[in-house]
Amino acid sequence: MSVWVFIEGTDSGPGESALEVLSKAASHGETVAIYLGEASEQVLAELGRYGASAVYVLTGGGGLPAAAVSITLAGLIEQESPEAVLFAQTYASRDVAGRLAARINRPVISNAVDVAFESGYRVTSELFGGTKLVETSFTAQGPALVLVRPKSFAAEPRGGTVGRVEEHRLPEAGHAGSAQVLGSKVEQSEGPQLSSAKVIISGGRGLGGAEAYSLIEEVAEPLGAATGATRAIVDAGWVPYSKQVGQTGKTVKPEVYIACGVSGAMQHLVGMKDSKRIVAINKDPEAPIFSVADLGIVGDVHNVLPKLAEVLREH
Amino acid sequence: MRIVVCVKQIPDPATPGKLDSETNRLIRPAEQILDDTDRYGIEVGLNLAEQTDGTVCLLSMGPSGTMQGIRQALAMGADQAVMVDDPSLEDSDALTTARVLAAAARRQGFDLVVTGVESTDGYSGVVPQMIAEFLEVPALTFARRVEMDGADLRIERQTASGFDDVRSGTPAVLSVTAGAVEPRYPTFRGIMAAKNKPIETMTAADLGVAQTSGQRVVSVEPAPERQGGEVVEDDGTGHLRIVEFLESAKVI
């Protein structure tokens, strides 16, 4: 019996959140990485280092691959009966996990923040914007399907190597697999990234307008900070989605998170409440963000941020 | 195009969700509101119906209550609603929910099933994909822009690093992100008309489906709460307090 970890390959390999899940699975025992994409020697070495003892490489399959992937995975599960299939909760993984669950008629638990490998598995997941923790176990026969929130585990190299590599070509998935991808566009922001920056500075509605987001950037620059945003200002079109922090955006855990004009809606808190330290600037002394902030400044971001940027530039 | 838009009535998110301490089930008040994120799917559905001379049928599963949320959705302009309301479906997981919605969509007849990306109260985020698998159609997920391209759909699909340009024929399932469109506000006429629009109510047995469960809630605990720290009024030196704080955190 083994634990499988589904990994959506990117241009730069497995990606951090997948390595986090792989590390966790490897701490339990034999781990198979299911890798969607071209697995170079370098990728295989990295998967081995983070704990995969075997890698099943899924190749072929154009368009949106989730339908074909779930057909292949369902077949492999039938033959090999893994204990669990774990997924980092990314876009492509959600598509695969959902389709696979329906295909093999097994529940999938989303928003997991911990997994205990014992009989029936015990998965801890977040509910109500992370204010409640729910422990769930699987009852019927079949693998435990779990979508794990990014940053739930540390990605730790274990120094192993991959012993076995199998290639599985994705099948035709008929109409379900017929959507075509005509092109892909990268919109990733340049400079410090939300996933790895030590300091993040985020803006919300309190900025007042799209042009005021430059105040955030001016403070970020001398700090070497990544810049983030709430769903409200992403929906309003002020900044691209890649900056969104929260339930439907990125989960971050920097040393310091500076929330500017952010009220602190559940949707946002769930993505940043595990930051080591939080600073909040908001005009409204009643804003929920202050209840999680280590330092709260009741004031206008339009006054505070320019002065902060100036001092930091001279620092 | 025959468009089915999945919507959900949820307890007002402004009031924190409550669980029954014995059953660990979410307590759903009779007065529930339309999940705000569903307004985007409704808007996309209405737009596509207008472009294709089509129809929009709302589909929802859960206790009907006062139907306030469904009337809100009808007031935006949908033609009719189908409500699957059955006590045996209480506490359904994502898989049962998707099976029920897929069965109801099939019964209704559809070219396109539109959903949000995830509900505000449960946010499992996998129901659209499950519906697509049950219906054996493509799942056009995380769409942030939707248009018709001849008889096909053309979407910008959000990815971790940007977006994909995706084209698909129908039938299909389409999940739209908040922000894909600007949802219309119901007009007074729309609100009045919604009172007389047909709402069909059905049970799990009508659809030939039943709740299955492969999981069990073991415990529900409050998450560890963060303690708030010092809150100070900005007297013109607030920025210096932040600099001090950043110094003590050793990030500058």
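Residues numbered from 1 in each chain as written. Chains lettered and ligands numbered in written order. Predicted model: local features only at pLDDT ≥ 70, side-chain atom pairs only at ≥ 80, totals over all residues. Heavy atoms only, no water.

Moving on, we get to the overall build of chain A. Counting its regular elements, chain A contains 8 helices and 15 strands. Taken over the C-alpha trace, chain A has a radius of gyration of 21 Å; the compact-globule value for 315 residues is 20 Å, and the two agree within 12%. Counting only C-alpha atoms, chain A reaches 65 × 40 × 40 Å along its principal axes. Counting over 315 residues, chain A shows a buried share of 57%. (Helix = DSSP H or I, 4+ residues; strand = E, 2+ residues; numbered from the N terminus. Rg over C-alpha atoms; globule rule 2.2 N^0.38 Å. Buried < 20%, exposed > 50% of the residue type's maximum accessible area, 1.4 Å probe, protein only.)

With that out of the way, let us pick up the domain arrangement of chain A. Residue and element names in this part refer to chain A. According to the domain assignment, chain A consists of domain 1 (3–177) and domain 2 (199–314). Between the C-alpha centres of domain 1 and domain 2 there is a distance of 33 Å. Of the residues lining the interface, 10 residues belong to domain 1; the matching set on domain 2 comes to 9 residues. Taking both partners together, domain 1 and domain 2 bury about 830 Å²; carbon and sulfur atoms supply 43% of that area. The largest share of the area that domain 1 buries against domain 2 comes from Gly129, Arg149 and Lys151, three residues that together contribute 53% of it. Across the domain 1-domain 2 interface, the total number found is 1 salt bridge. Note that Glu126 is salt-bridged to Lys273, the shortest N-O span being 3.3 Å. Across the domain 1-domain 2 interface, the total number found is 5 residue pairs in polar contact (both at pLDDT 80 or more). For the side of domain 1 that touches domain 2, a count of residues per class yields 3 nonpolar, 4 polar and 3 charged. (Domains from an automatic or database assignment. Contact = heavy atoms within 4.5 Å. Buried area = accessible area lost by both parts, 1.4 Å probe. Salt bridge = Lys/Arg side-chain N within 4 Å of Asp/Glu carboxyl O. Polar contact = N/O pair within 3.5 Å; in protein donor to acceptor, adjacent residues only side chain to side chain. Nonpolar A, V, L, I, M, F, W, Y, C, P; charged D, E, K, R; others polar.)

On the basis of which strands lie adjacent, the open sheet formed by 10 strands has the order β10(A)-β9(B)-β8(B)-β7(B)-β10(B)-β6(B)-β1(B)-β4(B)-β5(B)-β11(B) and mixed pairing. Each edge of the open sheet carries a strand with a single partner, namely β10 (180–186) of chain A together with β11 (199–202) of chain B. Pairs of neighbouring strands in the sheet enclose a mean axial angle of 30°, with direction left out of account. The pairing of strand β6 (residues 112–116) of chain B with strand β10 (residues 172–176) of chain B spans 5 bridges and is parallel. Bridge pairing in β10 of chain B links Leu112 of chain B to Ala172 of chain B. Strands β1 (2–6), β6, β7 (139–149) and β10 of chain B of the sheet are contacted by helix α4 (residues 127–135) of chain B, whose axis makes an angle of about 175° with β10 of chain B. (Pairing = 2+ DSSP bridges. Axes fitted to C-alpha atoms, helices over the stretch in contact; angles between N-to-C directions.)

All names here are of chain A. In the structure shown here, the tally under the stated rule is 5 aromatic pairs over all chains. On the basis of an interplanar angle of 75° and a centroid distance of 5.8 Å, the ring pair of Trp4 and Tyr56 is categorised as edge-to-face. Residue Trp4 is located in strand β1 (residues 3–8), and its partner Tyr56 is located in strand β3 (residues 54–59); the two are separated by 52 residues in the primary sequence. Take Trp4: its relative accessible area is 0%, and that puts it in the buried class. For Tyr56, a relative accessible area of 0% puts it in the buried group. Summarising the aromatic geometry, the rings of Phe117 and Tyr121 are spaced 5.5 Å apart at their centres and angled 80° between planes, so their arrangement reads as edge-to-face. By relative accessible area, Tyr121 is classed as buried at 6%. (Phe/Tyr/Trp six-rings, centres within 6.5 Å; stacked < 30°, edge-to-face > 60°.)

It is worth spelling out the interface of chain A and chain B at this point. By a widely used convention, the size of an interface equals the accessible area lost when the partners come together. Counting residues at the interface gives 83 residues for chain A and 82 residues for chain B. A combined buried area of about 7,000 Å² lies between chain A and chain B, and 58% of that area is made up of carbon and sulfur atoms. Together, Tyr91, Arg99 and Phe128 of chain A form the three largest contributors to the area buried by chain A at its contact with chain B, with a combined 9%. At the junction of chain A and chain B, the tally comes to 5 salt bridges. Here chain A is connected to chain B by 39 residue pairs in polar contact (both at pLDDT 80 or more). With 9 residues, helix α4 (residues 91–104) of chain A is the largest single contributor of residues to the side of chain A that touches chain B. Partitioning the side of chain A that touches chain B into residue classes produces 38 nonpolar, 24 polar and 21 charged. As defined by bridge partners, β10 of chain A adjoins strand β9 (residues 162–168) of chain B across 6 bridges and the pair is classed as antiparallel. Counted as the bridge partner of Ser184 of chain A is Asp164 of chain B from β9 of chain B.

This next bit is on the confidence of the model for chain B. Of all residues in chain B, 99% attain a pLDDT of 70 or more, and the chain-wide mean is 93. For this predicted complex, the interface confidence comes out at an ipTM of 0.93, alongside a pTM of 0.91. (pLDDT = per-residue confidence, 0-100.)

A few words on unusual backbone geometry. With the exception of glycine, the majority of residues adopt a negative phi angle, and the majority of peptide bonds are in the trans configuration. All names here are of chain B. Cis geometry is found at the peptide bond from Thr170 to Pro171, where omega equals 0°. Here Asp91, not a glycine, exhibits a phi torsion of approximately 70°, which is positive. Positionally, Asp91 belongs in the loop between β5 (80–84) and α3 (94–108). One non-glycine residue, Glu136, adopts positive backbone phi at about 55°. Note on placement: Glu136 falls in the loop between α4 and β7.

Pairing within the open sheet is parallel, and its 6 strands lie in the order β12(A)-β11(A)-β13(A)-β14(A)-β15(A)-β13(B). Whereas interior strands pair on both sides, the edge strands pair on one side only; in this sheet they are β12 (226–229) of chain A together with β13 (230–233) of chain B. Between one strand axis and the next, the sheet turns by 15° as a mean value, whatever way the strands run. For strand β14 (residues 277–282) of chain A and strand β15 (residues 295–298) of chain A, the ladder comprises 4 bridges, and the chain directions are parallel.

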